[in-house]
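Observations on the model geometry
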There are 2 protein chains.
Amino acid sequence: MDTITIKDIARALNLSTSTVSRALRDSYEINTETKRLVVEYAERLQYRPNPIALSLKENRSRVIGVVVPQIANLFFSQVINGIEAVAYNRGYHVSIFQSHESYERELATVQQVVARKADGLLISLSSNTCNVAYLRQLQEKKLPIVLFDRVSKDLEVPSVTADNFAGAFAATEHLIQTGRRRIAHVAIPATISIAQERLAGYRAALEQYGIPYEEKLVRHAGFGPNEVDPIVDDLLQQKPDAFFAASDRLAIGCLTALKKRNILIPRQIALIGFTNITVADLLDPPMTTVEQPALEIGQVAAGRLIDLIEGKQNAVTTDSLKIPTRLVIRASTKAGA
Amino acid sequence: MDTITIKDIARALNLSTSTVSRALRDSYEINTETKRLVVEYAERLQYRPNPIALSLKENRSRVIGVVVPQIANLFFSQVINGIEAVAYNRGYHVSIFQSHESYERELATVQQVVARKADGLLISLSSNTCNVAYLRQLQEKKLPIVLFDRVSKDLEVPSVTADNFAGAFAATEHLIQTGRRRIAHVAIPATISIAQERLAGYRAALEQYGIPYEEKLVRHAGFGPNEVDPIVDDLLQQKPDAFFAASDRLAIGCLTALKKRNILIPRQIALIGFTNITVADLLDPPMTTVEQPALEIGQVAAGRLIDLIEGKQNAVTTDSLKIPTRLVIRASTKAGA
DNA sequence: TTGTACGCGTTATCAC
DNA sequence: GTGATAACGCGTACAA
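The residue numbering used here restarts from 1 in each chain and proceeds along that chain's sequence as written. A letter from A marks each chain and a number from 1 marks each ligand, given out in the order of writing. Local features in this predicted model are restricted to residues whose pLDDT is 70 or higher, and side-chain atom pairs enter the listing and the counts only when it is 80 or higher, whereas totals over whole chains, interfaces and linings include all residues. Excluding hydrogens and water, the side-chain values take into account all heavy atoms of the structure.

In this section: the protein's contact with DNA strand C. Whether a residue is near a molecule or strand is decided by its heavy atoms; if any one of them lies within 4 Å of it, the residue is near. Taken together, the neighbourhood of DNA strand C is formed by 26 residues, with A:S18, A:T19, A:R22, B:K7 and B:Y47 sitting nearest. If you look at DNA strand C and keep only atoms within 4 Å of the protein, 63% of those are sugar or phosphate atoms. The separation between a phosphate oxygen of DNA strand C and a polar side-chain atom of B:Y47 is 2.6 Å. Here a base oxygen of DNA strand C sits 3.3 Å away from a polar atom, N or O, in the side chain of B:K57. Of all the secondary structure elements, the ones that give two or more residues to the surface near DNA strand C are helix 2 (17–24) and helix 4 (51–58) of chain A together with helix 1 (6–13), helix 2 (17–24) and helix 4 (51–58) of chain B. In the surface near DNA strand C, the residues fall into eight nonpolar, 10 polar and eight charged. Whenever two N or O atoms come within 3.5 Å, that pair is a polar contact, provided that in protein one can donate a hydrogen and the other can accept it, and provided that, for residues adjacent in sequence, both atoms are side-chain atoms. Secondary structure follows DSSP: runs of H or I at least 4 residues long count as helices, runs of E at least 2 residues long count as strands, and numbering of each begins at the N terminus. In this count, Pro and Cys sit with the nonpolar residues alongside Ala, Val, Leu, Ile, Met, Phe, Trp and Tyr, while Asp, Glu, Lys and Arg are called charged and the others, Gly among them, polar.

All right, on to the packing of helix 6 (residues 103–115) of chain A against helix 7 (residues 133–140) of chain A then. For any two helices packed against each other, one specifies the inter-axial angle together with the distance between the axes. All names here are of chain A. Relative to each other, helix 6 and helix 7 sit at 15°, their axes nearing to 11 Å. It follows that helix 6 is roughly parallel to helix 7 by the angle criterion. Handedness of the crossing formed by helix 6 with helix 7: left-handed. On helix 7, the residues that touch Y103, E106, L107, V110 and V114 of helix 6 are Y134, L135 and L138. Across the contact of helix 6 with helix 7, the residue classes break down as seven nonpolar, no polar and one charged. The axes are straight lines fitted to the C-alpha atoms, using for helices just the contacting stretch, and the angles between their N-to-C directions are given from 0 to 180°. Under this scheme an angle from 65 to 115 degrees is roughly perpendicular, one under 35 degrees roughly parallel, and one over 145 degrees roughly antiparallel; angles in between are oblique. The hand of a helix crossing depends on one turn: near helix anticlockwise from the far one by less than a right angle means left-handed, and clockwise means right-handed. Contact between two residues is taken to exist if any of their heavy atoms lie within 4.5 Å; hydrogens are not considered.

This paragraph deals with the packing of aromatic side chains. Residues and elements named next belong to chain A. For Phe, Tyr and Trp, where Trp contributes only its six-membered ring, two rings pair if their centres lie within 6.5 Å, and the inter-plane angle classes them as stacked under 30 degrees, edge-to-face over 60, or tilted in between. Using the criterion set out here, one finds 10 aromatic pairs over all chains in the structure. Taking 6.0 Å as the distance between ring centres and 75° as the angle between the ring planes, the aromatic pair formed by Y103 and Y134 counts as edge-to-face. Here Y103, found in helix 6, pairs with Y134, found in helix 7; they are 31 residues apart in sequence, far enough to count as distant. Here the two residues Y103 and Y134 agree in accessibility, since each one is buried. Measuring from centroid to centroid gives 6.3 Å for Y202 and Y213, while their planes differ by 75°, and the two rings are edge-to-face. Here the residue Y202 occupies a position in helix 9 (residues 193–208), and Y213 occupies one in the loop between helix 9 and strand 7 (218–220), the gap between them amounting to 11 residues. Burial status follows relative accessibility: with a 1.4 Å probe on protein chains alone, a residue under 20% of its type maximum counts as buried, one over 50% as exposed, and anything between as partly exposed. Residue classification places Y202 among the buried residues on the basis of a relative accessible area of 1%. Across the ring face of Y92, the terminal group of R62 is positioned such that the distance to the ring centre comes to 4.6 Å. Positioned above the aromatic ring of Y213 is the side chain of R203, whose terminal nitrogen or guanidinium carbon lies 3.7 Å from the ring centre. Two limits define a charge over a ring: the Lys NZ or Arg CZ must be within 6 Å of the ring centre, and within 35 degrees of the ring normal.

Grid spacing is 1 Å over the protein atoms alone, the probe is 1.4 Å, and a cavity is where that probe fits but cannot get out, while a pocket is an open set with protein on both sides within 12 Å along at least five of seven lines and lining residues have an atom within 4 Å of a point. Grid points are joined across faces, edges and corners, and a volume is the space filled by probe spheres set on the points. Counting across every chain of the model gives one cavity of 30 Å³ or more. Here the largest cavity defines a volume of roughly 320 Å³. Looking at the lining of the largest cavity, the elements with two or more residues in it are strand 1 (63–68), strand 2 (93–98) and helix 6 of chain A together with strand 2 (93–98) and helix 6 (103–115) of chain B. For the lining of the largest cavity, the element with the most residues is strand 2 of chain B, which contributes four residues. The class makeup of the residues in the lining of the largest cavity is 11 nonpolar, nine polar and two charged.

Residue and element names in this part refer to chain A. Domain start and stop positions are those given by an automatic or database domain assignment. Domain boundaries assigned for chain A yield domain 1 (6–49), domain 2 (62–161 + 294–321) and domain 3 (164–292 + 327–333). Computed from C-alpha coordinates alone, the two centres of domain 2 and domain 3 are separated by 29 Å. Summed over both partners, the interface of domain 2 with domain 3 buries about 970 Å², with 54% contributed by carbon and sulfur atoms. Any carboxyl oxygen of Asp or Glu within 4 Å of a side-chain nitrogen of Lys or Arg constitutes a salt bridge here. Counting across the domain 2 and domain 3 interface gives zero salt bridges. Defined here as a combined quantity, buried area equals the accessible surface (1.4 Å probe) lost by two parts on assembly, summed across both.

Bringing helix 4 of chain A into the picture now. Those residues of helix 4 of chain A lying buried are A:P51, A:I52 and A:S55. The buried residues of helix 4 of chain A occupy an angular sector of 105° when the element is viewed end-on, so they sit on one face. Along its buried surface, helix 4 of chain A packs onto helix 4 and helix 6 of chain B. Its side-chain oxygen placed 2.7 Å from the backbone nitrogen of A:I52, A:N50 serves as the N-cap of helix 4 of chain A. Where helix 4 of chain A ends, the next residue or the one after it, A:N59, has phi of about 60°, a positive value. Arc definition: it is the arc formed by the directions from the helix axis to the C-beta atoms.

A few words on helix 12 (residues 294–309) of chain A. Residue and element names in this part refer to chain A. Given the number of residues in a helix, its expected span is that number minus one, multiplied by 1.5 Å. Its 16 residues place the ends of helix 12 22 Å apart at the C-alpha level, agreeing with the 22 Å of an ideal helix rising 1.5 Å per residue. Listed in full, the buried residues belonging to helix 12 are A294, I297, G298, A301, A302, G303, R304, L305, I306, D307 and L308. At the C-terminal side of helix 12, G311 shows a positive phi close to 70°.

Here we come to the sheet that holds strand 8 (residues 242–245) of chain B. Residues and elements named next belong to chain B. Reading across from one edge, 7-6-8-9-10-12 is the order of the six strands in this open sheet, with mixed pairing throughout. The sheet is open, and its two borders are formed by strand 7 (218–220) and strand 12 (326–328), each paired with just one other strand. Across the sheet, the mean angle from the axis of one strand to that of its neighbour is 15°, orientation sign disregarded. DSSP-based pairing: two strands are paired if at least 2 bridges between them are found. Note: strand 10 (residues 288–291) against strand 12, three bridges, orientation antiparallel. Bridge pairing links V290 to L327 in strand 12. This element, helix 8 (residues 164–177), spans strand 6 (183–187), strand 8, strand 9 (270–275), strand 10 and strand 12 of the sheet and lies at about 165° to strand 9. The strands that helix 9 (residues 193–208) touches are strand 6, strand 7, strand 8 and strand 9; relative to strand 6, the one it contacts most, it runs at about 170°.

Time to look at the environment of B:G91. Residues and elements named next belong to chain B. Mapped onto the elements of the fold, G91 is located in the loop between helix 5 (74–89) and strand 2. Looking at G91, the relative accessible area reads 36%, which means it is partly exposed. Considering only alpha carbons, one finds G91 and I306, 215 residues apart in sequence, at a separation of 9.9 Å.

For the rest of this paragraph, the subject is the relation of the copies chain B and chain A. Two copies of the chain are present, and they differ by a rotation about an axis and a shift along that axis. In the superposition of chain B on chain A (RMSD 0.1 Å, axial shift 0.1 Å), the rotation amounts to 180°. Taken together, the turn and the small shift mark the pair as related by a two-fold rotation axis. Most of the interface of chain B is mirrored in chain A: 100% of its interface residues are interface residues there too. For this overlay, a least-squares fit was computed on C-alpha atoms, restricted to residues scoring pLDDT of at least 70 in both copies.

The following block contains the structure:
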């Protein structure tokens, strides 16, 4: 992996490294002829400036670090696409990392990202992250940080999320309006910030329609492989007439569990998912969903972060942007459809 | 982002930077007491060595670059999980990048990865990449490279793929054995290496069962948003009794198209997908699939690359490892099920 | 218009 | 047992 450097060019052309450097950066003070010579030679040798040396010198890298709990999740991979689109246009490279829902890995990954002089950090917290002290420290050291989706109120940085409250409200309201009253809610782990908001939206809808909230109809499911099944069993004990699943994974888990038990959707049970799965309309019957604006979340978060990096915005603002969700009705929750 | 360096420690403790460096690296020649002092102080100030400086000095980074066409694809994200598991255990960080099916972005991304002194490159080629000269150059500069899934025979580097021939053979054979004879094949773009192998597997199965190969029953579909629909239309003109879809995306596209046209699966048409989608058994009827061993591909590829990096294997070997696929029968292709 | 010298953070080499 | 120095590749203040 022998790389060609500015020195090599200088030596070959009998110039000093500074002249070469300036010529390559098209400095006004360099003779046109010299410039041509240098640029031509550099071109021919495929010279590429060493970003590592630059990072060391300038203490920055034009790289944005992105840390998500998992990549094998359409929501997060779409967010990343949004991030990349914006970052690329504004001249930043994006490095992607996974925390695998582990606090320790998240910590280690973020430290690595920081040590490598990422100019900013976009992060969605792992479900096991309760302590964000390490992020606060970084923030105090002036590292630009923007949280998205899985955010934390203990951290005074900008955050970008879907409007989870409104989304959950719309989902629940839709179920109620189509005649359901005992709506079970399979929620994501309570440690995740947005779990609360989705729960709140669910409760608010019930309240608005005069339906009492029953704790027994709500269960949180973690990320274990076989967690959803027994939870659905338990919830079925409560004789629900609908399920509101709070994520892709849980929606699929519920569908599978209900199918195993030969429960007809939507005849016996209506199901609505807070998701991004593309196959919702392939199911029979198709599933109504609350679509998360993943791409837009990524775009907005990246834009916000880059503004922060480039000092275009006050760094101490703690705005939390909420991107609207979209209720996509696919007939499944229309009673008896 | 003020970071604490070895210099700071040296100054504070009235030592030289070299002493501090040695103390931190637990060098035998340093006084125990001095060591203790240094280590303690470093601990207290949360000193972290600067990997950028190390990379500059040592011309390596303990980072593996991974480039995939897209992340929003369960196959690739699972491969990445396999890669990470192995890399992490062997002390490497993994940086993930997308080429977005564009040759230009792939090229730019790889250059960036190389410029940042990644110790090795794991790459699955974009569908628009016909020219791998740039990779050959890197290989000649001794950069360890391992290809996976979308490989190239024009490149003499190790490659890891699913056994696409056997998988396609098994899928086609299954359709034949369940009574189908006019099997349409919706293939991935012909530029992608594995398209050929899947096609070959399909043809071999036909041949073995004495069914003539018909060109009109095979169509390649690109990545455009509305490409699959008209192709399915065309294929239906040929009165097929089965579809073999060569990827997740295409399987879903076929299902959607057939559903739109009110064609019953599997009564009128049997469908089999070469995929990794987790919802195959939620469909009604469930879809039989050829499962790709994504996780294992990632693990094997990463292991192979790290062996290369660490010189444990001859760098010029051009082994191409094929990981077995698995035919998962979910009743859909059983005629009349 | 061009060249010299320095510093970014680290470690290896050589000196004391 | 410890310190000074050079080197990795680059850009720039300063000198010529």
